[in-house]
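Here's the letter readout for the chains.
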Amino acid sequence: MAIINIILPVVYMITLFYTIFWLITFLDNKEEKKKVIKEFPLVSIVVPAYNEEDVILETLDSVIGLDYPKNKLDIIIVNDGSTDSTKGVAEKFIDEHNDYDIKLINQDNQGKWVALNSALKIAKGEFFTCLDADSSVEKAALKKMLPYFTDNNVAAVLPLIKIKNPKGILQKIQCYEYIVNFFYKKIMSHLNCVHVTPGPFGVYRKDVIDKIGGFRQGHNTEDMEIAFRLQKYQYKIIQLLDVDVHTYSPKNLKDFYFQRNRWNKGSILNVWDYRKMMFKKEYGDFGILQMPMVLCAGFIAMTIIILVLFYNILKPLFNGIYNLSLVDFDIFSFIANINLNLNLLDFNYYKLIIIAVMITLSLTVFTLAHKHTKQKLTSQGIAPLLVFILFYYLLLGAIWLGITKDLIFKNVKKW
Amino acid sequence: MVREFNKKRYIIAALLTLFVFVLGLMLGLVIEGKRVQYIQSINRIEKLDYNSLQLQYAYIEQLSQERNCDAVSKTFENSVKSLIETSERLENYEQNANLNKEDLHALKREYILAQLNYWLLAKRTKKICNRDLVTILYFYSTDKECPDCGEQAFILTYLKNEFKDKLLIFALDSTYTDEPMIGMLKDQYEISGYPTLVIEDKVFESFTSKDEILKTVCSLYKEDIDYCMDYN
C-alpha cells in the first residue's frame, strides 16, 4: 500500500485547500444587486450551423423570441458547409421574418472558429454573441446580461447553461454536472479566473474581440482559447447564474466521451499554449491558482481513481480469488465461520476521516450549487443523483485515461 | 484591469486546511490511544484466564480428576480463540498505526509470550487429558520479504475453520527480535525463511499448500476425522 499511502494524503491536502479556498471566496462575495438596462445597444447574434436542419429552427425561434427591441438585433446565420437542408431551412426562416435583420453566410466547412470570424467581419453590433444551433436562450437574457458591461473591463458575460430535455441516465447525470460546474465557474468569476466562455450565448464586447484578433482554432476549443486570451489581456469575464441557456448534450457514452475528450484536451493544451502566464503575479489568481489546477487536476484525479481502483478493488479481488483457489474455492467454509464480532476500533479511521471530510465538502458544494442555481437537489430523480455521486468520477477518470493516451501517442508534435 | 491578489484568502485557506488536517490527526491519535487501552484491558483478562487454566490442569493432574477434562478443554479452546483474535487485531492495529506504534509493539510481546504459553499448555493437556489435537506454529514476517504470508495465513484460517478445536495454530512474528523466545525457537527448528510451519515437530519451510499440510496433520490424529478421509 506504499504508493497510495503517500499520494492520498498529499492529494487530500491539495483538494482540501482548493475547496476551502473556493468556499471562502464564495462566502466572501455578496451577490451584487441586479442591474437594470437603460439603453439598448445593437447586439449581433451569430448562429453557426453544421448539419442542424432538425434543431436550427428552434434556435432561431428563441433568438427572435428574445425580449429585446427588434431593430437592435443583428442576426447572422453561418451555414458552415452543411450537406443537409440547413441552408434551405435558414433561407425560409429569413423570408418568413423579413421584419428582422437576418443575414446568411454560406461557407465551406471550416469549423466553428472560422464561422465565428466570418460573422465577426460583417457584425455591426456593439456586442457579439453566438448561439450554437442546438441551443435556446431565455427571453430576458440580453436584458439581464448587458448591464454588466457598464464596467469597461468586462469583455464577456456568461449565462448558466442547462441541459435541454434531459432523457436517460447519462443526460440526467450531466444536469447535475452542469450545476456543479457552473457554480464553480461563478466562484471563478469572483476571482477573475474563468477559463472558458462556452459557445451557447456567451456575450462578448465586440471591439475587444476585434482588438485581440478574433477567434482562433484553439485545439478545437475556440471558446477556451478566447477566454485565455481575454485573461491574458486582463479583461474580466463574468459568470451569471440567473440567465438560462438550454443546450442539447450527448445522448450516448460514445458522444459524451468524444465531447469531454475534446474539452479536457483543449483545456490542457490551451494552458500549455499560455503557460507563460503561469505563476506570474500580474495574472493574479488565474496564473497562480487556476492554470496549474486546470493543467493537473485531470491527471491527478485519474491517478487517484486508478490507484484506488487498483489497491482497494482489483488487488483485494484478485488476492481473494487467488486465495480461494488455494482451498479449492470452498467458500462455504468461510461463510459458515464469519465472525460477526464487529469492533468500531477496527475500522481504518485514517481513510474514514479522509472520506468523511471529502463527502462533507462535496455535499456542501453540491447543495450550495443547487441553491444558487435555484435547482432542487433531486431535480432529475434519485437514481441519476446516486449514479452521479458514485460513478461520475469514475467516468471522468476513464475520459482522462483516453486523453493521456491521445496526448502520448498522437499529439506530441503539437506541443 | 489590475487584478487584486488577495493574499489573506490564501493564508486563511491554508490555515483552515491545516486545521482540518490536524483535527483528523488528533482524532486518529485519540482512536489509536483507545486501541491500545482496549487491547490492554483484554490482555488483563486473558492473562487471568491463562492462570486459571494452568491451575485447572494442575488440579486435574495432581488429583487425577480426568472427568473434568471436557469442561476444561472447552475453556481452553475458548481462551485460545480469544487470544488469537486479539493477536490478529493487535497485528492489524500495529500495521496501521502512525503514532502509537511503540505501545502496540510492546503489547505484541505479551501476545507472543501468551501464544507460546498456550502452545506449551496444549502439549501438556494432550498428556493430562489425553486430547487428540495437533498444534502448528506458524512463523510469519510482517515485512515485504514475505509475499506468500498472506496466502499461507489464508490456508491456515481455512484449516482452522474445518478442524475447529482439533487444530491449534499459533502465529508468531519471526521478525520480532525483542523477545528471545522467538530466537530460541528459530534456532531449535533451524528456521531462516518465511513462511515456515512447524506441525508438531515437523518443519515446513516456504509456502506450504493445503494438501501438504493436510497430509501431515491428518497422519497425526489418532481418531478418524471426517475431513481427513481423503488424506489417510
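Residues numbered from 1 in each chain as written. Chains lettered and ligands numbered in written order. Predicted model: local features only at pLDDT ≥ 70, side-chain atom pairs only at ≥ 80, totals over all residues.

1. Focus: the overall build of chain A
Definition in use: For the purposes of this entry, the term helix denotes a DSSP run of H or I that reaches at least four residues, the term strand denotes a run of E that reaches at least two, and both are numbered from the N terminus. Our radius of gyration is a C-alpha quantity, and the globule rule it is checked against amounts to 2.2 Å times the number of residues to the power 0.38. Any residue whose C-beta has 12 or fewer other C-beta atoms within 10 Å is treated as exposed, any with 20 or more as buried, and any in between as partly exposed, C-beta atoms being built from the backbone. C-beta atoms are placed from the backbone for every residue, and two residues are taken to be in contact when these atoms lie within 7 Å.
Of the regular secondary structure elements, chain A holds 13 helices and eight strands. Expected size for 415 residues packed as a compact globule is a radius of gyration near 22 Å; at 24 Å, chain A falls within 12% of this value. Counting the 415 residues in chain A, one finds 38% classified as buried. Once local pairs closer than 6 in sequence are excluded, the contacts in chain A between residues at least 24 apart make up 85%.

2. Some words on the interface of chain A and chain B
Which entries qualify depends on this criterion: Only Asp, Glu, Lys and Arg are considered charged in this grouping, and only Ala, Val, Leu, Ile, Met, Phe, Trp, Tyr, Cys and Pro are considered nonpolar; every other residue, Gly among them, is considered polar.
With 31 residues of chain A in contact, the opposing surface of chain B contributes 31 residues. Elements with a contribution of two residues or more to the side of chain A that touches chain B: α1 (2–28), α10 (284–326), α11 (331–336) and α12 (349–372) of chain A. Per-element tally for the side of chain A that touches chain B: the top contributor is α1(A), with seven residues. Of the residues contributing to the side of chain A that touches chain B, the split by class is 16 nonpolar, 10 polar and five charged.

3. Focus: the sheet that holds strand β2 (residues 167–173) of chain B
Two orientations exist for strands paired in a sheet by backbone hydrogen bonds: parallel and antiparallel. Residues and elements named next belong to chain B. Heads up, the rule is: Here the rule is simple: two strands pair whenever DSSP picks up at least two bridges between them. To obtain each axis, a line is fitted to C-alpha atoms, and for helices this fit is confined to the stretch in contact; angles are then taken between N-to-C directions over 0 to 180 degrees.
As summarised here, the arrangement of the four strands in space is β2-β1-β3-β4, forming an open sheet in which the pairing is mixed. Either end of the sheet is taken by a strand with one partner, and the two such strands are β2 and β4 (202–205). On average, each strand axis in the sheet is tilted by 15° relative to the strand beside it, whichever way the strands run. Pairing of strand β3 (residues 196–199) with β4, which is carried by four bridges, proceeds in the antiparallel orientation. Residue Leu-197 lies in a different strand from β4, and its bridge partner there is Phe-204. The sheet contacts of helix α4 (residues 149–163) involve β1 (134–140) and β2, and relative to β2 the element is tilted by about 155°.

4. Quick word on the sheet that holds strand β4 (residues 127–130) of chain A
All names here are of chain A. Read across the open sheet, the eight strands follow the order β3-β2-β1-β4-β7-β6-β8-β5; overall the sheet is mixed. A strand with exactly one partner marks an edge of an open sheet, and here the two such strands are β3 (101–107) and β5 (135–137). Across the sheet, the mean angle from the axis of one strand to that of its neighbour is 30°, orientation sign disregarded. Note that strand β2 (residues 73–80) and β3 share seven bridges and pair parallel.

5. Looking at the environment of Thr175(B)
Residue and element names in this part refer to chain B. Relative to the helices and strands, Thr-175 is located in the loop between β2 and α5 (180–188). The spacing of Thr-175 and Phe-139 is 36 residues in sequence and 9.1 Å in space, taken between C-alpha atoms. Beyond its immediate stretch of four places on either side in the chain, Thr-175 contacts Ser-141, Thr-142 and Asp-143.

6. Topic: helix α8 (residues 222–232) of chain A
All names here are of chain A. Of all 11 residues making up α8, 10 are buried, and the element is well covered by its neighbours. Residues of α8 that are buried sit in contact with α4 (112–122), β6 (154–163), β8 (236–247), α9 (253–273) and α10. Gln-234 sits one or two positions beyond α8 and adopts a positive phi of about 60°.

7. Quick word on the environment of Arg9(B)
By the element assignment, Arg9(B) lies in helix α1 (residues 7–63). Taking the number of C-beta atoms within 10 Å as the measure of exposure, Arg9(B) has 18 and is therefore partly exposed. With sequence-adjacent residues up to four places away left out, Arg9(B) is seen in contact with Phe21(A), Ile24(A) and Thr25(A).

8. Topic: the packing of helix α2 (residues 56–64) of chain A against helix α3 (residues 86–96) of chain A
Residue and element names in this part refer to chain A. Rule in force here: Each angle gets one of four labels, with under 35 degrees taken as roughly parallel, over 145 as roughly antiparallel, 65 to 115 as roughly perpendicular, and the rest as oblique. Left-handed describes a crossing whose near helix is turned anticlockwise from the far helix through less than a right angle; right-handed describes the clockwise counterpart.
Closest axis-to-axis distance for the α2/α3 pair is 10 Å, and the angle between their directions is 30°. One way to sum up the angle between α2 and α3 is to call them roughly parallel. Crossing of α2 against α3: the hand is right-handed. Residues Ile-56, Leu-57 and Leu-60 of α2 form the contact with α3, whose own contacting residues are Thr-86, Val-89, Ala-90 and Phe-93. Taken together, the residues of the contact of α2 with α3 sort by class into six nonpolar, one polar and no charged.

9. So, the domain arrangement of chain B
Residues and elements named next belong to chain B. This is how the line gets drawn: An automatic or database domain assignment supplies the start and end points of every domain.
Domain assignment breaks chain B into domain 1 (30–117) and domain 2 (132–232). Listing elements by their share of the side of domain 1 that touches domain 2, those giving two or more residues are α2 (69–96) and α3 (101–128). If one sorts the elements of the side of domain 1 that touches domain 2 by residue count, α3 sits on top with six residues. The residue inventory of the side of domain 1 that touches domain 2, partitioned by class, reads four nonpolar, three polar and three charged.

10. With respect to the pairing of β2(A)
As a general feature of sheets, a regular strand has side chains that alternate between the two faces. Residue and element names in this part refer to chain A. The test is simple: With strands facing away from the observer, any crossover in which the path from the first strand over the helix to the second runs clockwise is taken as right-handed.
Burial runs high along β2: eight of the eight residues are buried. By the alternation rule, side chains of β2 split into Leu-73, Ile-75, Ile-77 and Asn-79 and Asp-74, Ile-76, Val-78 and Asp-80, which are all buried. As defined by bridge partners, strand β1 (residues 43–49) adjoins β2 across seven bridges and the pair is classed as parallel. Within β2, the residue paired with Ser-44 across the bridge is Asp-74. With α2 bridging β1 and the parallel β2, this β-α-β connection has right-handed handedness. Once the chain exits β2 it traverses α3 before rejoining the sheet at β3, and the crossover so formed is right-handed.

11. Describing the packing of α12(A) against α1(B)
Close contact between α12(A) and α1(B) brings their axes to 10 Å; oriented N to C, the two are set at 145°. The two elements α12(A) and α1(B) cross, and the hand of that crossing is right-handed. Packed against α12(A), whose contacting residues are Tyr349(A), Tyr350(A), Ile353(A) and Val357(A), the element α1(B) presents Val20(B), Gly24(B), Leu27(B), Gly28(B) and Ile31(B) at the interface. Considering only residue class, the contact of α12(A) with α1(B) consists of seven nonpolar, two polar and no charged.

12. Some thoughts on the pairing of β8(A)
Residue and element names in this part refer to chain A. Of all 12 residues making up β8, 10 are buried, and the element is well covered by its neighbours. Pairing of β5 with β8 involves three bridges; the strand directions are antiparallel. Residue pairing across strands places Val-137 opposite Val-245, the latter belonging to β8. Looking at chain direction, β6 and β8 are connected through eight bridges and run parallel. Among the inter-strand pairings, Leu-158 is bridged to a residue of β8, identified as Gln-239.

13. Structural notes on unusual backbone geometry
Cis geometry marks the peptide bond from Tyr194(B) to Pro195(B), where omega comes out at -10°. You will see that His219(A), though not glycine, has its phi angle at about 55°, which is positive. Position of His219(A) among the secondary structure elements: in the loop between α7 (206–211) and α8. Unlike most non-glycine residues, Asn130(B) shows phi in positive territory, near 55°. Within the secondary structure, Asn130(B) is located in the loop between α3 and β1.

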